[in-house]
Every structure is written in structure tokens, then in C-alpha cells.
Amino acid sequence: SFMDELAIAAGKDPLDLRRQHLKEERCQLLIDKLEEVSGWKQRKKNEGFGVAITECFASTVGQIVKVSKDASGKIKIDQVWAVMDCGWYVNPDIIKAQVEGSIVMGLGAATIHEITFKDGLVQQRNFYDYKMPRITDIPPIEVHIMENDADAGGVGEPGLPPFAPALTNAIYDLTGKRIRKLPFNLNEV
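The present account deals with the structure reproduced in this document. (Residues numbered from 1 in each chain as written. Predicted model: local features only at pLDDT ≥ 70, side-chain atom pairs only at ≥ 80, totals over all residues. Heavy atoms only, no water.)

### Regarding the packing of helix α2 (residues 14–21) against helix α3 (residues 25–38)
Argument step 1. The contact between α2 and α3 brings their axes to 9 Å, and the two run at 165°. For the element pair α2 / α3, the angle class is roughly antiparallel. As α2 runs across α3, the sense of the crossing is left-handed. For the pair α2 and α3, the contacting residues are L15, R18 and R19 in the first and Q28, I31, D32 and E35 in the second. (Axes fitted to C-alpha atoms, helices over the stretch in contact; angles between N-to-C directions. Helix = DSSP H or I, 4+ residues; strand = E, 2+ residues; numbered from the N terminus. Parallel < 35°, antiparallel > 145°, perpendicular 65-115°, else oblique. Left-handed = near helix turned anticlockwise from the far one by under 90°. Contact = heavy atoms within 4.5 Å.)

Below, the structure written as C-alpha cells:
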């Protein structure tokens, strides 16, 4: 999210700021793909778009989240686009499943997973009283895989870190409200 704050302070588009500072060719191609698949340049009023790019386990993942307000004025997640550059790979379906699962896990971590205490004891004892994302909470997700012959990188963990900052950047883009504490209640933004 801090990258977006820097972009705003500099008066730059958040993707352009990343393009300016992530000079490696693979990052440039990933940014181009994110821009293409999300329609970043065709953003409309009353839509919030947020981006985040992370690198770990020798892979780079970029995500763009699009949000809007529903009829009651609550934030809803309209779409998530993910672009994975994990180098050489064998099975694209496994990669897509891993990234989709990471996004769902990121949604839970960002918006509902919370451990609370009362009188020094944890209140959530098991899955029956620990909230998890339901299928009705999951937005449409598109996963795109970059084609190259670089050494293979990880696909399990890299899809998780970019979701929360992309979501909070999208919320800021729509509402002007910066979220700095997780988890947050999406219905209360």
C-alpha cells in the first residue's frame, strides 16, 4: 500500500510508478499484462482499482482488485486479476488453483479472520465459531501465467501477499479512506 501512497504523493499512476521502479524486463512484462487484462487504462468513475506486486520464492505475482459500491452503499469486490510469473512450469491448472486459493485465503485474512480474547482466553475454539470466507464471498478471479523459460519458482505462497494491499488500495481509490489495520470489516468501510 505504501507504493500507492508514494504514487499519490508524486502525482503518478500507481502502475506507472511500479513500472518506473521495477526495471527488470520480467517485471515490466508482468505490469504490461496486469494493465492489459484488467483494463487499467479504461477505469471508470465509481470504480476503485488497486494493485500490488510481490516477489517471493523466486516468483513474482501482481494482482489488481476492482471494487465498487452496491445499492446499499457497501463495498463489494467486483473482480480480481492475478498475473503469476513463476518461470518454467508444467501444469497451468495447478498454478491457477494455487493462486485462486491464495486469493481466497488473503480475502479471509484481510477481512474476517480474527482471534479475539475474553478474560485471557481465546474465544474461537474451532471452525464453527471462526469465520471463514464462503463461496458467496468470493469474487470472480482471473489468473494469467507469464510464459518464459526462467528457472521454476514457487506457486503456493507467492499469490497470498499481494491481495490485501491490492484490496485496500482499491478501497482507497474508490473512497479516499486508507485502511491500515487488518482484519477489517468490509461491510463497515
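Still more to cover.
### Quick look at the packing of helix α4 (residues 92–111) against helix α5 (residues 163–175)
Argument step 1. Look at α4 against α5: their axes get within 8 Å of each other, and the N-to-C directions meet at 60°. With respect to each other, α4 and α5 are oriented oblique. Along this stretch, α4 crosses α5, giving a crossing that reads as right-handed. In contact with I103, G106, L107, A110 and T111 of α4, α5 contributes F163, A164 and L167.
Argument step 2. Its residues assigned to classes, the contact of α4 with α5 comprises 6 nonpolar, 2 polar and no charged. (Nonpolar A, V, L, I, M, F, W, Y, C, P; charged D, E, K, R; others polar.)

### Quick notes on α2
Argument step 1. For α2, the full list of buried residues reads P14, L15, L17, R18 and R19.
Argument step 2. Looking at the buried residues of α2, the elements they touch are α1 (2–10), α3, β1 (48–56), β2 (59–69) and α5.
Argument step 3. For α2, the N-terminal cap is D13; the gap from its side-chain oxygen to the backbone nitrogen of L15 is 2.9 Å. (Buried < 20%, exposed > 50% of the residue type's maximum accessible area, 1.4 Å probe, protein only. Polar contact = N/O pair within 3.5 Å; in protein donor to acceptor, adjacent residues only side chain to side chain.)

### Side note on the environment of D13
Argument step 1. By secondary structure assignment, the location of D13 is in the loop between α1 and α2.
Argument step 2. Excluding residues within four positions of it along the chain, D13 makes contact with A7, W40 and R43.

### Some thoughts on the pattern of salt bridges
Argument step 1. On inspection of all chains with the given rule, the structure shows 12 salt bridges.
Argument step 2. Salt-bridge contacts for R19 lead to D32; the nearest nitrogen and oxygen are separated by 3.1 Å. Taken together, the residues span a long stretch of sequence, with R19 in helix α2 and D32 in helix α3 at a distance of 13 residues.
Argument step 3. Accessibility expressed as a relative area gives 36% for D32, which makes it partly exposed.
Argument step 4. Taking the shortest distance from any N to any O, the salt bridge between K76 and D78 comes out at 3.3 Å. (Salt bridge = Lys/Arg side-chain N within 4 Å of Asp/Glu carboxyl O.)

### Considerations on the side chain of T60
Argument step 1. Mapped onto the secondary structure, T60 falls in strand β2.
Argument step 2. What T60 contacts, discounting residues up to four positions off in sequence, is L30, I53, T54, E55, V83, M84 and D85.

### Quick notes on the state of the cysteines
Argument step 1. Overall, the coordinates contain 0 disulfides when judged by the stated rule.
Argument step 2. Cysteine C27 shares no disulfide, and the gap to the nearest cysteine sulfur, in C56, comes to 13 Å.
Argument step 3. For C27, a relative accessible area of 10% gives the class buried.
Argument step 4. Here C56 stays unpaired: no disulfide links it, and the sulfur of C86, its closest cysteine neighbor, is 12 Å away. (Disulfide = S-S within 2.5 Å.)

### Focus: the sheet that holds strand β3 (residues 75–85)
Argument step 1. Taken in spatial order, the 4 strands of this open sheet run β1-β2-β3-β6, and their pairing is mixed. Whereas interior strands pair on both sides, the edge strands pair on one side only; in this sheet they are β1 and β6 (141–145). Ignoring which end each strand starts from, the neighbouring axes of this sheet average 15° apart.
Argument step 2. Along the sheet, α2 contacts β1 and β2; its crossing angle with β1, the most-contacted strand, is approximately 25°.
Argument step 3. Contacting β2, β3 and β6, α4 crosses the sheet at an angle of about 135° to β6. (Pairing = 2+ DSSP bridges.)

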